[in-house]
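Results of the structural survey
Each chain, letter by letter, is given below.
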Amino acid sequence: MATVLTTAIDVCFNPQNSDTKKHSLFLKPSLLRQSRTRKLNISCSSLKQPKTLEEEPITTKTPSLSEQLKPLSATTLRQEQTQILPKPKSVWVNPTRPKRSVLSLQRQKRSAYSYNPQIKDLRAFAQKLNSCYFTEKSEFLSLLDEIPHPPDRDNALLVLNSLREWQKTHTFFNWVKSKNLFPMETIFYNVTMKSLRFGRQFQLIEEMALEMVKDGVELDNITYSTIITCAKRCNLYDKAIEWFERMYKTGLMPDEVTYSAILDVYSKLRKVEEVLSLYERAVATGWKPDAIAFSVLGKMFGEAGDYDGIRYVLQEMKSMDVKPNVVVYNTLLEAMGRAGKPGLARSLFNEMLEAGLTPNEKTLTALVKIYGKARWAKDALQLWEEMKAKKWPMDFILYNTLLNMCADIGLEEEAERLFNDMKESVQCKPDNFSYTAMLNIYGSGGKAEKAMKLFEEMLEAGVQVNVMGCTCLVQCLGKAKRIDDLVYVFDLSIQRGVKPDDRLCGCLLSVMALCESSEDAEKVMACLERANRKLVTFVNLIVDEKTEFETIKEEFKSVINATQVEARRPFCNCLIDICRGKKRHERAHELLYLGTLFGLYPGLHNKTIKEWSLDVRSLSVGAAETALEEWMRTLANIIKRQEDLPELFLAQTGTGTHRFSQGLANSFASHLQQLSAPFRQSDRAGIFVATKEDLVSWLESKFPPLVTSQA
């Protein structure tokens, strides 16, 4: 007969420390005593057969402790899992206005996924449509009739989204619409509009949008965004603003793409106040600007040279925890360059490197331009060495920018090293701009032999000569008095298709003023006649003593009006130099008067209570000497009329920042010495000073008799 045995087990359980990895059963007794425990009484029963002498004892297997506790863990020891409630959505509360209809990121309603066995055939049909040429609309429509399955909603949308050319997309959309098999939804218009935006067909997009309004089809966020961005790409900024305002009136909240696009539109229109107002309004509605939006703001402030605005953009990015990417850094660097802040640009570049970003070609080009403009030769060369050491990407534009910087600063040896690196490069071989920069360097340094050798190398390499390279070489050969080589270069350039511009004509005029023999002057005149015959006619007029002033005035006005604005003052300077070279000083004074009359020399004279100054920094040597003589005549007349004079007189020639620049200072000082004028070199370079007492005394002796009471 079976005997029932009962065993009691006391289990200590602490619900606060229930850990599957470290259960309270395996804790030390001292720890168990310290914690609050619950005592559970568990009874286990087992059957045992009576033991006899003849039989072996029958042993019944006792369940393990884990097996005994298993039912307990599923019931008594089970704890309710705490469910983390999702964060409740913010509720927009405004008692005066209703809540805006903010669209989620998933702005198109998607139908439930279902396998469509017709997809393979429809994709093959769309590929056939893409491969055909869209020559005539009728032929394309005939192909549409070959669609393998009826164009229901899903089939039509699949084919429409697979077409590449905007002409085919628009034609297919109209074809499906003409079938009238199902109502056209917003997604069909959006897909077609995006294709038209790629083709910059804003007129068709606007027609479709107006058609949607007429037919009662809802315009969603994607529709407005496509219209606005297309208008921006087509430079139709007024249309972009019009549709943005229309979108805002409907109650739709613009997304980040739309906000960035319309901010760019306002910035291109230079409406800074509207940009800031829109930006603050968008941020107030909960919009978080992305890197593109900040790039637009930085570009706007950079074009205006507004350094405070650039700082505002940087502060806003930090406050909103938006990390700038390479594009944003490039935009801000260009803005720093326009604002004239090379030191801050360098700090921003170092910040970019510390952020772990790798600069691209645009980044390095912008920084090199900034260093070149500020004439930071050391920093620019260090940047170049860092480029080579870290193997940063370099393209033609970056190489040519470095060469132009060397040309501006006068770094001949460094430019030659860089030019040789380009020759050894596989991807960036020297082009015509590279050769032009080197010709400019040799021309500025008076290295005529190196310039001619480089020109021959350029022709052998098959590089096309441009008008700038021809101008630099002509100027170099003219200063070296190598007129025959000049004529050879000019003739060959014309044969190679170079069309002379006003800069080249001005260069020929300056060479003509330097010619010492009439034979050389005639050779240069022949070249100039091929470039600008009207200019040669005017030169013959000004050197003729019989030509009256009124004739000179009318012809001068005609020549200047036919010349580009940036070349007008150099033309007048060269013409004055030619007159002085021909000993026609009075004609030179007449040309200076006409140049001042037509606004070619603004700021030539400056007057304050304490000093009067003559600024000849933008004049040639002959024009500066003529301006000085004219100023002395004017002062002599003032003294004769017994008018008040200041205590100090200044003449500013400036100092050339170019390494090879000869400047006006030496020639102007020589001319002052020839006149025995009382002007003396100031502590500041390029400034000559004379006192009132000395100047009056000299003028009395130079232009007698002068009766004055200015002592």
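Going along each chain's sequence as written, the residues are numbered from 1 onward. Two thresholds apply to this predicted model, a pLDDT of at least 70 for residue-level local features and 80 or more for giving and counting side-chain atom pairs, whereas whole-chain, interface and lining totals are computed over all residues. Water and hydrogen atoms play no part in the side-chain values, which are based on all heavy atoms of the structure.

Some points on helix α11 (residues 256-268)
An α-helical segment advances 3.6 residues per turn. Residues three or four places apart therefore align on the same side. Per the convention used, a helix needs a DSSP run of H or I reaching at least four residues, while a strand needs a run of E reaching at least two, with both numbered from the N terminus. Expected helix span is given by 1.5 Å per residue-to-residue step, counting one fewer step than there are residues. An ideal rise of 1.5 Å per residue puts 18 Å on 13 residues; α11 measures up with 18 Å between its terminal C-alpha atoms. Counting buried positions over the 13 residues of α11 gives 10, a clear majority of the element. Phi turns positive one or two residues past the end of α11, at R270, with a value near 60 degrees. Relative accessibility thresholds used throughout: buried, under 20% of the residue-type maximum; exposed, over 50%; partly exposed, between the two (1.4 Å probe, protein chains only).

Comments concerning a positive patch on the surface
Without a salt bridge and with relative accessible area above 30%, a residue can belong to a patch; like charges are then joined within 9 Å and nonpolar side chains (Val, Leu, Ile, Met, Phe, Trp, Tyr) within 5 Å. To be clear on the numbers: accessible area is Shrake-Rupley with a 1.4 Å probe, and residue cover counts the displayed protein chains and nothing else. Think of a salt bridge as a Lys or Arg side-chain nitrogen and an Asp or Glu carboxyl oxygen that are within 4 Å of each other. When charges are counted, Lys and Arg contribute as positive and Asp and Glu as negative, whereas His and the chain ends are disregarded. Here the site of a charge means atom NZ of a Lys, CZ of an Arg, CG of an Asp or CD of a Glu. Among the surface-exposed residues, K268, K299, R338 and K369 lie close enough to one another that they form a single positively charged patch. In this structure R338 comes out as partly exposed when scored by relative accessible area, which is 43%.

Quick look at the packing of aromatic side chains
Geometry of aromatic contacts follows a simple scheme: Phe, Tyr and Trp rings, the Trp one being its six-membered ring, pair when their centres are within 6.5 Å, and the pair is stacked under 30 degrees between planes, edge-to-face over 60, tilted otherwise. In this structure the tally under the stated criterion is 16 aromatic pairs. Between F173 and Y189, the ring centres sit 5.0 Å apart and the planes meet at 65 degrees, which makes this aromatic pair edge-to-face. Remark: Y189 occurs in helix α7 (residues 186-198) and F173 occurs in helix α6 (residues 166-179); sequence separation between them is 16 residues. Y189 shares its class with F173; the two are buried. Ring centres of F668 and F688 lie 5.6 Å apart, and the angle between their planes is 45 degrees; on these two criteria the pair is classed as tilted. Placement of F668 in helix α32 (residues 665-675) and of F688 in strand β7 (residues 687-691) is noted, with a sequence separation of 20 residues between them. One exposure class covers both F668 and F688, and it is buried. Ring pairs connect the aromatic residues W612, W631, F649 and F679, which therefore count as one cluster. Two conditions define a charge located above a ring, namely a distance within 6 Å from the ring centre to NZ of Lys or CZ of Arg, and an angle within 35 degrees of the ring normal. Directly above the ring of W384 sits K388, whose terminal nitrogen or CZ lies 4.4 Å from the centroid.

Focus: the pattern of salt bridges
For the structure shown, the criterion picks out 30 salt bridges. For E412, the salt bridge identified is with K450, shortest N-O distance 3.3 Å. With E412 in helix α20 (residues 412-424) and K450 in helix α22 (residues 448-460), this residue pair connects regions lying 38 residues apart in the sequence. A salt bridge links E449 to R482; the nearest nitrogen and oxygen atoms lie 3.2 Å apart.

Topic: a negative patch on the surface
A cluster of acidic residues, E548, E550, E554 and E555, forms a negative patch on the protein surface. With respect to the helices, strands and loops of the structure, E548 is situated in the loop between α27 (533-543) and α28 (549-561). A relative accessible area of 58% places E548 in the exposed class.

Describing the sheet that holds strand β4 (residues 611-615)
Each pair of strands is called paired provided DSSP finds at least two bridges between the two strands. One open sheet holds the 5 strands; their spatial order is β3-β4-β5-β7-β6, and the pairing between them is mixed. The two strands at the open ends of the sheet, each matched to only one other strand, are β3 (605-607) and β6 (680-681). Direction of pairing for β4 relative to strand β5 (residues 648-652): parallel, over a ladder of 5 bridges. Of the residues in β5, the one forming a bridge with L614 is A651. In this fold helix α33 (residues 692-702) packs onto β5 and β7, with an angle of close to 80 degrees to the strand it touches most, β7. Whether two residues are in contact is decided by their heavy atoms: any pair within 4.5 Å suffices. Comment: axis = line fitted to C-alpha atoms, over the contacting stretch for helices; angle = value between 0 and 180 degrees taken between N-to-C directions.

What to know about a nonpolar patch on the surface
Taken together, the side chains of Y593, L597 and F598 make up a nonpolar region of the molecular surface, amounting to roughly 290 Å² of accessible area. Counting through the fold element by element, F598 comes out in the loop between α30 (585-597) and β3.

A closer look at helix α24 (residues 483-495)
Here α24 is 13 residues long and its end C-alpha atoms lie 18 Å apart, about the 18 Å a rise of 1.5 Å per residue gives. Turning to α24, its buried residues are I483, L486, V487, V489, F490, L492 and S493. Where α24 is buried, its residues touch α22, α23 (467-479), α25 (502-514) and α26 (518-531).

Structural notes on unusual backbone geometry
Located in the positive-phi region is K391, a residue other than glycine, with phi close to 55 degrees. Here K391 shows up in the loop between α18 (377-390) and α19 (396-409). Positive phi outside glycine occurs at Q642, with the angle close to 60 degrees. Considering the arrangement of structural elements, one finds Q642 in the loop between α31 (621-640) and β5. Q642 sits in the partly exposed class, given a relative accessible area of 42%.

Structural notes on the packing of α20 against α22
It is the contact of α20 with α22, at a shortest axis distance of 15 Å, that shows an interaxial angle of 15 degrees. Accordingly, the angle class assigned to the pair α20 and α22 is roughly parallel. Relative to α22, the crossing made by α20 is left-handed. Residues E412, E416, F419 and K423 of α20 touch α22, and the partners they reach there are K450, L454 and E457. Basically, the charged four are Asp, Glu, Lys and Arg, the nonpolar ten are Ala, Val, Leu, Ile, Met, Phe, Trp, Tyr, Cys and Pro, and anything else, Gly included, counts as polar. A breakdown of the residues in the contact of α20 with α22 according to their chemical character gives 2 nonpolar, no polar and 5 charged. Orientation labels follow simple angle bins: below 35 degrees gives roughly parallel, above 145 gives roughly antiparallel, 65 to 115 gives roughly perpendicular, and whatever is left gives oblique. Take the far helix as the reference: if the near one is turned anticlockwise from it by less than a right angle, the crossing is left-handed, and if turned clockwise, right-handed.

Considering the nonpolar core
Membership of the largest hydrophobic core comes to 202 residues, with the highest contact counts inside it found for L591 and F679. The leading source of residues in this core is α31, at 9 residues. Apart from the residues lying within four places of it in its own chain, the contact partners of F679 are W631, M632, F649, L650, A651, L672, F688, V689, A690 and L695. We call a set of buried Ala, Val, Leu, Ile, Met, Phe, Trp, Tyr and Cys residues a nonpolar core when their side-chain atoms join them within 4.5 Å.

Details of the confidence of the model for the chain
On average, residues of the chain score 80 in pLDDT, and 81% of them reach the 70 mark or higher. Summary of the metric used: pLDDT quantifies the predictor's per-residue confidence within the range 0 to 100. Overall, residues 657-662 carries pLDDT values under 50, and its contacts beyond four positions in sequence, including any with other chains, amount to 16 contacts.

Concerning the packing of helix α29 (residues 565-581) against α30
Contact geometry for α29 and α30: axes closest at 8 Å, N-to-C directions at 165 degrees. By the criterion of interaxial angle, the relationship of α29 to α30 is roughly antiparallel. Once α29 is placed against α30, the crossing between them reads as left-handed. Counted together, C572, L575, I576, C579 and R580 of α29 and H585, R587, A588, L591, L592 and G595 of α30 form the full contact between these two elements.

Thoughts on the pairing of β4
The buried fraction of β4 is high, at 4 of 5 residues. Examined bridge by bridge, β3 and β4 share 3 bridges and lie antiparallel to one another. Looking at the pairing, N606 lines up with S613 of β4. Where β3 hands over to β4, the hairpin turn is made up of 3 residues, counted between the paired strands.

Considering the pairing of β5
When the strands point away from the viewer and the connection leading from the first strand across the helix to the second strand turns clockwise, the crossover is called right-handed. Handedness of the β4-α31-β5 crossover: right-handed. When β5 meets β7, the two strands line up antiparallel, connected through 5 bridges. Bridged to Q652 within β7 is I687.

Topic: the environment of S162
The residue S162 is located in helix α5 (residues 153-162) in this model. Ignoring sequence-local partners within four residues, the contact set of S162 consists of A126 and N130.

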